[in-house]
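# Structure assessment
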Amino acid sequence: MKVAEAVGRALYAAGVGQVFGVVGSGNFHLTNAMVAAGSRFVAARHEGGAATMADAYARVSGTVAALSVHQGPGLTNAMTGIAEAAKSRTPLLVLAAEVTEPRSNFYVDQEALARSVGAVTARVTSAEDAVTQALDAVRRAVCERRTVLLNLPLGVQALDVPDVSDVLAGESTLAVEPPERAPVEPEFDEVEALARVLEKSRRPVFVAGRGARSPGARDALAALAERHGALLATSAVARGLFHGDPWSLDVSGGFASPLAAELIQEADLIVGWGCALNMWTMRHGRLIGPDTTVVQVDDDASALGAHREVHLGVTGDVELTARRALETDDANRQAQQGEQAQQGEQARQGFRTADIGAAIAARVRWRDVPYEDTSTRERIDPRTLSIALDDILPAERVIGVDSGNFMGYPSMYLSVPDENGLCFTQAFQSIGLGLATAIGAALARPDRLPVAALGDGGAMMGAAEFDTVRRLGLPMVVVVYNDDAYGAEVHHFGPDGHPLDTVEFPPTDIAAVARGYGFEAVTVRTRVDLKAVEDWLAGPRSAPLLIDAKVVADRGAWWLEEAFRGH
């Protein structure tokens, strides 16, 4: 048995059951070995798309995924998607064939490429150690939550494994359980300090991020928030975590509604739970009041205070830390007696008053914020479009969003059922990733309607993957917010009188492009045109649907104006 086959079998045995990629000569045998062992392979039309599909699949499924690429250009084509995954700490295994002869046309320093975008590297160096080295790469991806590039030199792939009996039998080193990341137990003193801060607070807000995206963490945070009268919010990547909770403010940061921003600014305590509290989530710090105490809980000690100064940092798993804080609070309450305990209970009403509850119910959603509809007979207001789609599309949905001026509208006006309803690949802020994001998310959640929300720039950049959507038979709705421009640049530079010829384009019939790939398609200019979407939803959905929405471009999105204040 060759190394390529042994490694492929080992990776499947280690739990790598989903692979995306573009197959060339260098990764042909490895990819086929994984498929033969039982992995599902999805062929993308471009390695960049494959990388983002793998990233999104890993995020939504909660499992490690693999990306398989050819040596040299196969890897360089995938680098933007790999950068997004690495910056987001997605557990992802990149399997790259490698040439080691510098005179080869395919030669690049693949290790340096990976390190430059924040990924970590490993290499299969011998036939004797190939399986062990591959399994170590999987463990590192999962246990360290990292994107790992495993280089597989062509010469080593072709070597014979000295003893194939274990590989053939699926025993010994191959009989491995998929690795799990052990939750980090917080230190007692740090939990005590957190409990004291919570006890003192009268207007606490919890902001949950990527590190809190699990049912267990959600339940623990909801219980702790109820105990202390805290309001609940999330970063964009964790949107939906507190869906249905009457004290949820939805998203904190640039996407926050006016009411959410107002209440967060009034907090005397902000606790970031598995959340970076970066410039986006805290609006460059403007959501933090001058006297607000800031606490950050993260299982990675290096993340504490990385984006802003915190008064208290707790190193620990979000769920464990929240539960330990509840236990500490219970113990402290038991030590109290009579009237003192009752007074403490009353003081912990916190933000949870009847007036605030009524305001949240009436005004926390963006769709409930009054606006002037600027739709015309030729173009539809993106807010009007998004609200209408939110009403039309099934509630059980999974949304992939591209980057650009438009992105706040689908991200905030389309509701999601839980933390797995929105896949937000925006750490690198690259356009062109949205369609591939939706594909990966759709494969991870086949029980939900997949929705890809794109701008016209990102749609055209990633158009090759329309073929992948159709080939896989995904019943996807692709919504293109089409303003015939790179809208972010138009609205950033236009007001200052700069020429915009480089960022504006002639009208494109994206609906016709989609039909060429086998989609059903509709051009939407007014609310009435969305009847075709209702008809598609009521039908067999035998082909995916693209909505070419001609949106007004009279001003930049609210979140973009906010972002550029700190640009």
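First, a word on what this report is: a plain description of the structure on this page. Being a predicted model, the structure only gives us computed values, none of them experimental.

Thresholds, definitions, all that
- Residues numbered from 1 in each chain as written.
- Predicted model: local features only at pLDDT ≥ 70, side-chain atom pairs only at ≥ 80, totals over all residues.
- Heavy atoms only, no water.
- Helix = DSSP H or I, 4+ residues; strand = E, 2+ residues; numbered from the N terminus.
- Rg over C-alpha atoms; globule rule 2.2 N^0.38 Å.
- Buried < 20%, exposed > 50% of the residue type's maximum accessible area, 1.4 Å probe, protein only.
- Contact = heavy atoms within 4.5 Å.
- Areas by Shrake-Rupley, 256 points an atom, 1.4 Å probe, with all protein chains shown as cover.
- Lys, Arg positive; Asp, Glu negative; His and termini not counted.
- Charge placed at Lys NZ, Arg CZ, Asp CG, Glu CD.
- Axes fitted to C-alpha atoms, helices over the stretch in contact; angles between N-to-C directions.
- Parallel < 35°, antiparallel > 145°, perpendicular 65-115°, else oblique.
- Left-handed = near helix turned anticlockwise from the far one by under 90°.
- Nonpolar A, V, L, I, M, F, W, Y, C, P; charged D, E, K, R; others polar.
- Disulfide = S-S within 2.5 Å.
- Arc of directions from axis to C-beta.
- Phe/Tyr/Trp six-rings, centres within 6.5 Å; stacked < 30°, edge-to-face > 60°.
- Pairing = 2+ DSSP bridges.
- Polar contact = N/O pair within 3.5 Å; in protein donor to acceptor, adjacent residues only side chain to side chain.
- Salt bridge = Lys/Arg side-chain N within 4 Å of Asp/Glu carboxyl O.

A separate point is the overall build of the chain. Across its full length, the chain holds 24 helices and 18 strands. Relative to the globule expectation of 24 Å for 567 residues, the C-alpha radius of gyration of the chain, 25 Å, shows essentially globular dimensions. A principal-axis box enclosing the C-alpha atoms of the chain has dimensions of 75 × 65 × 45 Å. Here the chain holds 567 residues, and the buried ones make up 57% of them. Of all intrachain contacts in the chain linking residues separated by at least 6 positions in sequence, the fraction that spans at least 24 positions is 75%. Accessible surface computed for the chain: about 22,700 Å², of which carbon and sulfur atoms make up 50%. Side chains of the chain give 51 positive and 74 negative charges; the mean places of these two sets differ by 2 Å.

Right, let's get into the packing of helix 10 (residues 188-200) against helix 13 (residues 318-335). Relative orientation of the contacting elements helix 10 and helix 13 amounts to 70°, with a least axis distance of 9 Å. Taken together, the axis directions place helix 10 and helix 13 in an arrangement best described as roughly perpendicular. Classified by chirality, the crossing of helix 13 by helix 10 is right-handed. Side by side, helix 10 and helix 13 meet where Val191, Glu192, Leu194, Ala195 and Glu199 of the first sit next to Thr321, Arg324, Ala325, Thr328 and Asp329 of the second. Tallied by class, residues from the contact of helix 10 with helix 13 come to four nonpolar, two polar and four charged.

Evaluation of the coordinates by the stated rule reveals zero disulfides. Just so you know, Cys275 is unpaired, no disulfide at all, and the nearest cysteine sulfur is the one on Cys423, 17 Å from it.

With that settled, consider helix 2 (residues 28-37). Helical periodicity: at 3.6 residues per turn, an α-helix aligns residues three or four positions apart in one direction. Along helix 2, the positions that sit buried rather than exposed are Leu30, Thr31, Ala33 and Met34. Around the axis of helix 2, the buried residues are gathered within 160° of arc, so they sit on the same side. Facing away from the buried side of helix 2, by more than 90 degrees, are the exposed residues His29 and Ala36.

Now for the environment of Thr523. With respect to the element layout, Thr523 can be found in strand 17 (residues 520-524). When the C-alpha positions of Thr523 and Ala549 are compared, they lie 5.9 Å apart, and in sequence the two are 26 residues distant.

A few words on the packing of aromatic side chains. Applying the stated criterion across every chain yields a total of nine aromatic pairs. With a centroid separation of 5.3 Å and an interplanar angle of 65°, the aromatic rings of Phe466 and Phe519 are classed as edge-to-face. With Phe466 in helix 20 (residues 466-472) and Phe519 in the loop between helix 22 (510-516) and strand 17, the pair connects residues that are 53 residues apart, well separated along the chain. Its relative accessible area of 5% is what places Phe519 among the buried residues.

Any two packed helices are characterised by the angle at which their axes cross and by the distance between the axes. Put simply, helix 1 (residues 3-13) and helix 2 touch, their axes get as near as 8 Å, and they point 45° apart. When the axis of helix 1 is compared with that of helix 2, the two are oblique. Seen from above, helix 1 lies across helix 2 with right-handed handedness. When helix 1 is examined against helix 2, the residues Ala4, Glu5, Val7, Gly8, Arg9, Leu11 and Tyr12 are found in contact with a partner set consisting of His29, Leu30, Ala33, Met34 and Ala37.

Now for the pairing of strand 13 (residues 397-401). Most of strand 13 sits inside the fold, with five of its five residues counted as buried. Burial of the side chains of strand 13 extends over both faces: Arg397, Ile399 and Val401 are buried on one face and Val398 and Gly400 on the other. Relative to strand 15 (residues 449-455), strand 13 runs parallel, the two being bridged by five bridges. Within strand 15, the position partnered with Gly400 by the bridge is Ala452. The sheet contact formed by strand 13 and strand 14 (residues 422-423) spans two bridges and is parallel. From the neighbouring strand, Gly400 faces strand 14, where its bridge partner is Cys423.

The subject of this paragraph is the side chain of Thr31. In this structure, Thr31 sits in helix 2. A distance of 2.7 Å separates the side chain of Thr31 from the backbone oxygen of Asn27, its partner in a polar contact. Each residue touching Thr31, except ones within four places of it in the same chain, is listed here: Val23, Phe41 and Ser68.

Quick look at the sheet that holds strand 14 now. Spatially, 14-13-15-16-18-17 is the arrangement adopted by the six strands of the open sheet, whose pairing is parallel. Of all strands in the sheet, those bounded by a partner on one side alone are strand 14 and strand 17. In the packing of helix 16 (residues 382-392) onto the sheet, the strands contacted are strand 13, strand 16 (477-482), strand 17 and strand 18 (545-550), and the crossing angle to strand 16 comes to about 165°.

A word on the pattern of salt bridges. Overall, the coordinates contain 34 salt bridges when judged by the stated rule. Salt-bridge contacts for Glu84 lead to Arg59; the nearest nitrogen and oxygen are separated by 2.8 Å. Of this pair, Glu84 sits in helix 5 (residues 79-87) while Arg59 sits in helix 3 (residues 47-61); the two residues are 25 residues apart in sequence, bridging distant segments of the chain. By relative accessible area, which is 0% here, Glu84 ends up buried. Between Asp390 and Arg397 there is a salt bridge, and its shortest N-O distance comes to 2.7 Å. Taken together, the shared-partner salt bridges connect Glu98, Glu111, Arg115 and Arg123 into one network.

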